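# Architecture and fold: a report
So the chains spell out like this:
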Amino acid sequence: MTSIAATQTAAGTQPVTGLKAQLRRAERLKKIKAMLLVAPLALFLIIAFVLPISSMLWRSIDNTEVSQVMPQTATLIQQWDGSGLPDEAVFAAFAAELRDSRSGGGLGRIGRRLNYEDPTFRSLLTRTLRGLPASTELSWTEELISIDPRWNDTATWQAIQRTAPLTTDRYLLASLDLERNAEGQIVKVAENQQLYIQVFKRTLIIAGGVTLICLFLGFPLAYLLATLPTSTSNLLLICVLLPFWTSLLVRTAAWIVLLQSGGLVNSGLMWTGLIDSPIQLVFNRIGVFFAMVHVLLPFMILPLYSVMKGVSPSYQRAAVSLGAHPFAAFWQVYVPQTLSGIAAGTILVFIMALGYYITPALVGGPSDQMVSYYVAYYTNTTNNWGMAAALGALLLIVTLLLYMVYHKLVNQKQLVRS
C-alpha cells in the first residue's frame, strides 16, 4: 500500500510541476517580448537624454586640460606644498611640455584653461614659448625667470597647481558666486563680481510669474472650451493652436513691433486718452512677460482642457441642488477634479519657461536675461564649457527639486480632498 501511494503521489505531482514550469516559461517569454518592445524607446532615451545630461554633468567638474597636455608637470606640481617655488624638476618638465604643446592645439587648450584662473596667462605662455631655448646651460628655474619674472611668483604656480587635478569644483562654486581662497577654503566672491545667484532668482521669478499668469488666463478659457458645444469649442481650440503654426522668432519679433513706442499698443492707449506719451513696454520685464505668456499659454490650456472635458457637470449641479452656492460648488466640487490638469499645465509651463532664451534675449533688457542666456554666452562666445555645464547642471537640480516639492504638495492636496 505504501509503494502504491508513493507512486500515485509521484504521478500526481509530475503534471503539476510541469505546468508550473510551463507557466514560468510563458511569463519569462512575455517579459522578454515586453523588453524587446520597450528597447527602442529605452535606447532612444539613453542616446538623446541620458548621455547628453551625463556629459553635461561631467563637464561641470572636468579639469583634464592641463593633465592631458602636460601630464608630467601636473603629476609633479600636485606634490608641491604650495609655498615658495616648485623644485627644478617641475620647471624642467614644464619647459619641455610647453615646447611640445605647440603641436595638436595643446597650447590653446591649456592657455584657455589657465586664463580662467588669470586672464593674462595665455599671453604669459605665448611669451615664454617664444623665448624658450632648446636647451640651457642654466637651470630651467633660472631660465624661465629670466624670460618672465612672473615665473618667480608663487601665485603663478599655485594657479597651475589648481588646474592639475582631473576634477575641480571651480565651475560649480563660481555658478553659486563662491570660490576657493589661497588656503583652499570656500568663500564668497567679491560683491562686485556676484552675479549668478541673482540670475537664478530672476529666472525663478520670471518662470513663476509666467506660470501664474498662464494659469490665471488659461483656466477660464479651458473651462469655456470644455463647457461649450463641440462645434464651437473645436473652432476656438483651433484659435488656441494657431500660435503653434507660427515660428517662435516671428512671434517674438511681432511683440517688439506691437509694444514699441510707436507700436499699436501705445498708439491705441494714446488714442483712448489713457496715456499722454508712449510708455516703455519692450526691452524690459513687461515685454518679457507679454511675449512668454503668449508663447506658453497653449501649453497650459491643453492639459486643463483634456482633464476638464472628462469632468461630469452633474456633480456641480448636484451640489447646487443641495443648497450650495454656485461659486462654492465650483470651488469645492469642480476645481478639485481638475487638479491633475492644473499640475500638468503648471509644471509644463514652468519647466519650459526656465529654459527660455530667445524671447528674453530679444524682448527683455540687460536685467531680464535668464540662466539660459549665460549658458549660451559661455558656450558660443567664450567657449567655457565648464561654466556653461555648471550653470546647466544647477538649473537641472533646481528644476528637479522644485518638481519633487510640487509633486508632493499636489499629492497631499489630492489626499486631503479625497
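Conventions adopted
- Residues numbered from 1 in each chain as written.
- Predicted model: local features only at pLDDT ≥ 70, side-chain atom pairs only at ≥ 80, totals over all residues.
- Heavy atoms only, no water.
- Patch = residues over 30% accessible without salt bridge, like charges linked within 9 Å, V, L, I, M, F, W, Y side chains within 5 Å.
- Areas by Shrake-Rupley, 256 points an atom, 1.4 Å probe, with all protein chains shown as cover.
- Salt bridge = Lys/Arg side-chain N within 4 Å of Asp/Glu carboxyl O.
- Helix = DSSP H or I, 4+ residues; strand = E, 2+ residues; numbered from the N terminus.
- Axes fitted to C-alpha atoms, helices over the stretch in contact; angles between N-to-C directions.
- Parallel < 35°, antiparallel > 145°, perpendicular 65-115°, else oblique.
- Contact = heavy atoms within 4.5 Å.
- Nonpolar A, V, L, I, M, F, W, Y, C, P; charged D, E, K, R; others polar.
- Left-handed = near helix turned anticlockwise from the far one by under 90°.
- Buried < 20%, exposed > 50% of the residue type's maximum accessible area, 1.4 Å probe, protein only.

## A few points about a nonpolar patch on the surface
A surface patch of nonpolar side chains, amounting to about 1,100 Å² of accessible area, comprises Leu37, Val38, Leu41, Leu43, Phe44, Leu45, Ile46, Ile47, Phe49, Val50 and Leu51. If you trace the backbone, Phe49 turns up in helix α1 (residues 2–59).

## Thoughts on the packing of helix α4 (residues 88–100) against helix α7 (residues 140–147)
The packing of two helices is summarised by the inter-axis angle and the distance between the axes. Between α4 and α7, the shortest axis-to-axis distance is 8 Å and the interhelical angle comes to 60 degrees. Our classification of the angle between α4 and α7 gives oblique. Residue-level inspection shows Glu88, Phe91, Ala92, Phe94, Ala95 and Arg99 of α4 in contact with α7, the latter providing Trp140, Thr141 and Leu144. Grouping the constituent residues of the contact of α4 with α7 by class yields six nonpolar, one polar and two charged.

## Re unusual backbone geometry
In the Ramachandran plot, Asp177 falls in the positive-phi region, its phi being about 60 degrees despite a non-glycine side chain. Summarising the element assignment, Asp177 is placed in the loop between α9 (170–174) and β1 (178–180).

## Thoughts on the packing of helix α10 (residues 196–227) against helix α14 (residues 285–308)
Packing of α10 against α14 leaves a shortest axis separation of 6 Å and a crossing angle of 45 degrees. By the angle between their directions, the pair α10 and α14 is classed as oblique. The handedness of the crossing between α10 and α14 comes out as right-handed. Taken together, the residues of the contact of α10 with α14 break down into 23 nonpolar, three polar and two charged.

## Looking at the pattern of salt bridges
According to the stated counting rule, one finds seven salt bridges in the structure shown. With a shortest N-O distance of 3.2 Å, Arg170 and Glu117 are connected by a salt bridge. With a gap of 53 residues between them, Arg170 in helix α9 and Glu117 in helix α5 (residues 106–117) connect regions that are remote in the sequence. The class of Arg170 is partly exposed, set by a relative accessible area of 25%. The salt bridge partner of Asp368 is Arg285, with a shortest N-O separation of 2.6 Å. With a gap of 83 residues between them, Asp368 in the loop between α18 (358–363) and α19 (371–381) and Arg285 in helix α14 connect regions that are remote in the sequence. The class for Arg285 is partly exposed, based on a relative accessible area of 28%. Connected through salt bridges with shared partners, the residues Arg113, Glu117, Arg162 and Arg170 form a single ionic network.

Bear in mind that shape data such as this cannot, by itself, settle questions of function.
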